[in-house]
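Below are the chains, spelled out letter by letter.
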Amino acid sequence: MGFRCGIVGLPNVGKSTLFNALTETAAAQAANYPFCTIEPNVGRVAVPDERLHKIAGIAKSAQTIDTQIEFVDIAGLVRGASQGEGLGNKFLANIREVDAIVHVLRCFTGGDVTHVEGRVDPIADAEVVETELMLADLDSLERRVPNLVKKAQQGDKEARIEASVLGQALELLKESRPARLVKPKDAEEHKALERAQLLTAKPVLYVCNVDEADAAEGNALSAQVFEKAAAEHAGAVIVSAAIEAEIATLGESDRAAFLADLGLEETGLTRVIRAGYQLLGLITFFTAGPKEARAWTVPRGARAPQAAGVIHTDFERGFIRSETIAYEDFIACGGESGAKEAGKMRAEGKDYVVQDGDVLLFRFNV
């Protein structure tokens, strides 16, 4: 299951520095899913989860395999992109292909990097990108909604659903508000909104790129971004791309000491990865045995057969039941045998909603 986060931002805000540091840091990590470059601007990285290693230790698994998330370094946007300025068309096409937007904002004032707009104002920078995305969505919906309304009036049920939810999006865009603020009234409207692939309907994580001195607590500029994110129900994290680039050159032991000297418990990139995972509304379940312990990704609310299908389509097609142990019970009981003896292993059917941290064994018959 591929989950893709597109890294966007104006030129010279630290976007590519962040992506390159992500590449090098993850490649240096001893993981079964190290960061691998799929294309020049695409990479896959492990989602850190200490639970996996604890499960593996109890299960005496020969190897551990993390779940993963994909990052795409999208070409820098400039004002007028919605009209094709710069690499505008490519930029917009690339954003349509990702599940969430990681928006890097410059929150540092020093250095010799010239800002494309001639000033340092992360809120204004965010608005430049948002405006271009909104203009592109507005242009699309102004052409589509009238046709949908006409079909709906002729009795087309699907058109009526689409006209309702996309009409809401159009009104929001006319007020300079993103389509992700639309509130679908039911599952059908939610699916219709997803099918529309609106740029401003995608969840957003703001990454505040700060100086080294502000990496732990942030600064006045990053505080403005966090306030904006809270108002929009978006995410926000603080990162120093310069620090991440330096960390990427260090060994594991030196990296921990370096972070401690800066008053940091983990790398900014780890925070970005985890926040991106959370932003997409994903949860993790585990499988464990002598050969391997593995983390798997599913959307929150996924049922047991859907989770089984992530492992193999045959598991979903022939699903019988899932033998389920909550993570806390697996640890407390010392693994599968102990959980079974303590009555903590449950047989769950097709309607079971998988919980974050579940350790699952699927029974199926094809």
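Scroll up a little and you will see the structure.
Note that the structure is predicted; figures quoted are calculated from it, not measured.

For the rest of this paragraph, the subject is the overall build of the protein. Summing up its helical and strand segments, the protein has 14 helices and 13 strands in all. When burial is assessed residue by residue, the protein has 51% of its 366 residues classed as buried. The contacts in the protein between residues at least 6 apart in sequence include a share of 69% that link residues at least 24 apart. Looking at the protein as shown, the accessible area adds up to about 17400 Å², and 48% of this sits on carbon and sulfur atoms.

Interhelical geometry of helix 4 (residues 122-153) versus helix 7 (residues 220-232) gives an angle of 45 degrees and a closest axis separation of 9 Å. Judged by the angle between their axes, helix 4 and helix 7 are oblique. Touching Pro122, Ile123, Ala126 and Glu130 of helix 4 are Leu221, Gln224, Val225, Lys228 and Glu232, all from helix 7. By residue class, the composition of the contact of helix 4 with helix 7 is five nonpolar, one polar and three charged.

Within the secondary structure layout, Glu348 lies in strand 12 (residues 346-348). Within the structure, Glu348 has its side chain in polar contact with the side chain of Arg346 (distance 2.8 Å). Sequence-distant contacts of Glu348, defined by excluding residues within four places in its chain, comprise Phe319, Arg321, Ser322 and Thr324.

Core analysis: the largest hydrophobic core is formed by 54 residues, its most contacted members being Ile69, Phe71, Tyr206 and Val207. Among the elements that take part in this core, helix 4 stands out by supplying six residues, more than any other. Apart from the residues lying within four places of it in its own chain, the contact partners of Val207 are Leu18, Val102, His103, Val104, Leu105, Val237, Val239 and Val272. Within the second largest apolar cluster, 20 residues are counted, among which are Met134, Val145, Leu148 and Ile161.

Moving on, we get to the side chain of Asp358. Mapping Asp358 onto the fold places it in the loop between strand 12 and strand 13 (359-364). Of the side chains bearing the opposite charge, Arg346 lies closest to the buried Asp358, which forms no salt bridge; the N-O distance is 4.7 Å. Residues within four places of Asp358 in sequence aside, it is in contact with Thr284, Phe285, Phe286, Thr324, Ile325, Ala326 and Tyr352.

Next up on the list: unusual backbone geometry. Phi angles above zero are rare outside glycine, and Ser176 is one such case at about 60 degrees. Tracing the sequence through the fold places Ser176 in the loop between helix 5 (157-174) and helix 6 (187-196). Its identity as a non-glycine residue notwithstanding, His233 has a phi of 60 degrees, on the positive side. Residue classification places His233 among the exposed positions, given a relative accessible area of 71%.

Moving on: the packing of helix 4 against helix 5. Remark: helix 4 packs on helix 5, axes separated minimally by 8 Å, with the N-to-C direction vectors making an angle of 145 degrees. Seen from above, helix 4 lies across helix 5 with left-handed handedness. Side by side, helix 4 and helix 5 meet where Met134, Asp137, Leu138, Leu141, Glu142, Arg144, Val145, Leu148, Val149, Lys151 and Ala152 of the first sit next to Ala159, Arg160, Glu162, Ala163, Leu166, Gly167, Ala169, Leu170, Leu173 and Lys174 of the second. Across the contact of helix 4 with helix 5, the residue classes break down as 13 nonpolar, one polar and seven charged.

Turning to the pairing of strand 11 (residues 319-325), a few remarks are in order. Within strand 11, five of the seven residues are buried, leaving the element largely enclosed by the surrounding structure. Two strands pair when backbone bridges link them, and strand 11 and strand 12 are joined in this way by three bridges, in the antiparallel orientation. The residue bridging Glu323 from the neighbouring strand is Ala347, located in strand 12.

In this section: helix 10 (residues 268-279). Taking 1.5 Å per residue, twelve residues should reach 16 Å; helix 10 reaches 16 Å between its end C-alpha atoms and fits that length. Of the residues one or two after helix 10, Gly281 is the one with positive phi, at around 70 degrees.

We now examine the environment of Ile325. Note that Ile325 resides in strand 11. Judged by its relative accessible area of 3%, Ile325 falls in the buried class. A C-alpha to C-alpha distance of 9.7 Å links Ile325 and Gly343, two positions 18 residues apart in sequence. Once you skip the residues sitting within four places of it in the chain, Ile325 turns out to touch Phe330, Glu336, Ala339, Lys344, Met345, Gly357, Asp358 and Val359.

Here is what the cut-offs are and how they apply
- Residues numbered from 1 in each chain as written.
- Predicted model: local features only at pLDDT ≥ 70, side-chain atom pairs only at ≥ 80, totals over all residues.
- Heavy atoms only, no water.
- Helix = DSSP H or I, 4+ residues; strand = E, 2+ residues; numbered from the N terminus.
- Buried < 20%, exposed > 50% of the residue type's maximum accessible area, 1.4 Å probe, protein only.
- Contact = heavy atoms within 4.5 Å.
- Areas by Shrake-Rupley, 256 points an atom, 1.4 Å probe, with all protein chains shown as cover.
- Axes fitted to C-alpha atoms, helices over the stretch in contact; angles between N-to-C directions.
- Parallel < 35°, antiparallel > 145°, perpendicular 65-115°, else oblique.
- Nonpolar A, V, L, I, M, F, W, Y, C, P; charged D, E, K, R; others polar.
- Polar contact = N/O pair within 3.5 Å; in protein donor to acceptor, adjacent residues only side chain to side chain.
- Core = buried A, V, L, I, M, F, W, Y, C linked by side-chain atoms within 4.5 Å.
- Lys, Arg positive; Asp, Glu negative; His and termini not counted.
- Salt bridge = Lys/Arg side-chain N within 4 Å of Asp/Glu carboxyl O.
- Left-handed = near helix turned anticlockwise from the far one by under 90°.
- Pairing = 2+ DSSP bridges.
- Expected span 1.5 Å × (residues − 1).

Bear in mind that shape data such as this cannot, by itself, settle questions of function.
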